[in-house]
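Single-letter residue listing:
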Amino acid sequence: MNIAIVGSGYVGLVTGVCLAQIGHKITCVDVDQEKIKKLKLGKVPIYEPGLEELLKKNLKNKRLSFTTSIREATRKSTAIFIAVGTPSKKSGDADLTYVENVARQIAVNMDDYKLIIEKSTVPAETGKRVARTIKMNLPKKFKKTTLEFDVASNPEFLREGSAISDFMNPDRVVVGVESKKAEKLFREIYKPLKPHMVVTNINSAELIKHASNSFLATKISFMNSISQICDKLGADVLKVAEGMGHDKRIGRAFLNAGVGYGGSCFPKDVDAFVRISEKSGYDFGLLREVRKVNEEQKASFVRLIEDKLWIVKNKVIGVLGLAFKPDTDDMRSAPSIDIINALQQEGAKIKAYDPVAMPNAKKIFKKITYGKDPYDTAKGCDCLLLLTEWDEFKKLNFKKIGSAMKQAVLFDGRNLYHDKGLEDLGFEYHGIGRGVGISS
Ligand code: UDX
């Protein structure tokens, strides 16, 4: 099928490249001319394993093309995905300016039937507003006769770092439609993936996305709360998670206590869902608490460091991992930001290393130095923090790390080294929720 993707950011690009890979003819659109120029040359502006290879392959076989013209993409395509940004406003509401703008531009360029699909994460009822915007902006010649179109919702569940395999092997594909024709087109689009399709109305599909991400964030905050109790009661959060996770109704995934969730989705989607609920007349107190626990988890990690170092001022603190999670260079809402800022405020000197996120980190942090590798970073440090569980950090030589440090103290914000016997190597080791917290 001829398909257009408007917005060549993270979601749009992965969607476009993967739909081309499964056989469709894709036109990707973006307003950023520089980005389109690079993409045409097969260069991916973000770090996502496997994406560049697939991009190059589908450019070569001509199933994928790039343009800055919505008109060209609209005219060519039967289905049009809207995958532009929906940033948070100060209030927590999603800012839908870009979505509205794109809907208007699609409408003025329409000449025959189109299926217009919201891919960006949007609040319930956005579908209705998009449909109205399109109706009001159709070319004049269609004002009297009607031009048929459908609006639909097809939320994404792609995890950064494994987005390609998430797209190609989805747990489910959710589609919100209001007509049989739209449903039929979706079945055709996703047929090569043979997915489990959840077909519902647009409002329910929009809600599924917010409910799913908020539920996952709740699972994490729940376990982070348990980690606090573990420290107070001398219990081990890893064993608690294992014991809970074997219950099929609970499941082991997303029960890892740590320094809190980050990224471009969870913080933003939880905020947006709190606001959506509020506006609908329901106070989602549970989710407000999820958010609070996430903030508190970072603050309590900082308190632990302050407690163990005693004086933070002028201490050199090494940081391993800056990205909000492994296999991405994304620094958006990364826990490292709040943790480093808080320690700097107390006068600490920060020396950091991340396998891929350092160029992005440099745009955020002031006055921090960067190590060449973990060993270089550890040199002369009063303590080391592990904030992102990159594979590279799993295989470190701790004898070498320990002897490079001024004092071998390690704060493991992801419980990555819980079984490495670091105490036997002379380290003072502090994990999350391992039964010993701040000394009272
Ligand atoms: C998430 C959703 O998983 C995806 O379905 C959605 O569409 C976009 O948002 P992503 O933001 O890429 O994907 O990251 P994810 O792997 O879900 O992790 C989010 C955050 O939670 C990370 O900061 C991670 O470190 C943290 N996390 C995850 C935990 O702290 N503990 C866990 O057990 C799992």
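Everything quoted here is computed from the prediction, not taken from an experiment. (Residues numbered from 1 in each chain as written. Predicted model: local features only at pLDDT ≥ 70, side-chain atom pairs only at ≥ 80, totals over all residues. Heavy atoms only, no water.)

1. A word on the overall build of the chain
For step 1, the next point in the chain: Counting its secondary structure elements, the chain contains 16 helices and 14 strands.
For step 2, the next point in the chain: A compact globule built from 440 residues should have a C-alpha radius of gyration of about 22 Å, and the chain, at 24 Å, falls within 12% of that.
For step 3, the next point in the chain: Each principal axis of the C-alpha distribution contributes one length, and for the chain these read about 80 × 50 × 40 Å.
For step 4, the next point in the chain: A burial count over the chain gives 53% of its 440 residues as buried.
For step 5, the next point in the chain: Surface accessibility of the chain: about 20800 Å² in total, with carbon and sulfur atoms responsible for 53%. (Helix = DSSP H or I, 4+ residues; strand = E, 2+ residues; numbered from the N terminus. Rg over C-alpha atoms; globule rule 2.2 N^0.38 Å. Buried < 20%, exposed > 50% of the residue type's maximum accessible area, 1.4 Å probe, protein only. Areas by Shrake-Rupley, 256 points an atom, 1.4 Å probe, with all protein chains shown as cover.)

2. Brief notes about the pairing of strand β10 (residues 349–353)
For step 1, the next point in the chain: Most of β10 sits out of view: 4 of its 5 residues are buried.
For step 2, the next point in the chain: The pairing of strand β9 (residues 316–320) with β10 spans 5 bridges and is parallel. What sits directly across from Leu 320, in β10, is Tyr 353.
For step 3, the next point in the chain: Between the parallel elements β9 and β10, the chain passes through helix α13 (residues 335–345) in a crossover that is right-handed. (Pairing = 2+ DSSP bridges. Right-handed = clockwise from strand over helix to strand, strands pointing away.)

3. Details of the site of the ligand
For step 1, the next point in the chain: The ligand sits among 18 residues. The nearest are Glu 160, Asn 256, Gly 262, Cys 265 and Lys 325.
For step 2, the next point in the chain: The separation between an oxygen atom of the ligand and a polar main-chain atom of Phe 324 is 3.0 Å.
For step 3, the next point in the chain: Between Lys 325 and the ligand, the recorded distance is 2.9 Å, taken from a side-chain N or O atom to an oxygen atom.
For step 4, the next point in the chain: Calculation on the ligand without its partners gives an accessible area of 660 Å², and the protein chains cover 92% of this total.
For step 5, the next point in the chain: Of the residues forming the shell around the ligand, the biggest block, 3 residues, is contributed by helix α9 (residues 202–233).
For step 6, the next point in the chain: Grouping the constituent residues of the shell around the ligand by class yields 9 nonpolar, 3 polar and 6 charged.
For step 7, the next point in the chain: Both of domain 1 (2–200) and domain 2 (216–430) provide at least three residues apiece to the shell around the ligand. (Near = heavy atom within 4 Å. Polar contact = N/O pair within 3.5 Å; in protein donor to acceptor, adjacent residues only side chain to side chain. Nonpolar A, V, L, I, M, F, W, Y, C, P; charged D, E, K, R; others polar. Domains from an automatic or database assignment.)

4. Observations concerning the sheet that holds β10
For step 1, the next point in the chain: With respect to topology, 6 strands assemble into an open sheet ordered β11-β10-β9-β12-β13-β14, the strand pairing being parallel. Edge positions in the sheet fall to β11 (369–370) and β14 (428–430), since each has one partner strand and no second.
For step 2, the next point in the chain: Judged from the 4 bridges that link them, β9 and strand β12 (residues 383–386) form a sheet pairing that is parallel. Across the sheet, Ile 317 pairs through a bridge with Cys 383, a residue of β12.

5. Section: the domain arrangement of the chain
For step 1, the next point in the chain: Each assigned domain of the chain is listed with its residue range as follows: domain 1 (2–200) and domain 2 (216–430).
For step 2, the next point in the chain: Each of domain 1 and domain 2 has a C-alpha centre, and the two are 34 Å apart.
For step 3, the next point in the chain: Taken together, the 13 residues of domain 1 in the interface contact 16 residues of domain 2.
For step 4, the next point in the chain: Between domain 1 and domain 2 the total buried area reaches about 1300 Å² when both faces are included, carbon and sulfur atoms providing 48% of it. (Contact = heavy atoms within 4.5 Å. Buried area = accessible area lost by both parts, 1.4 Å probe.)

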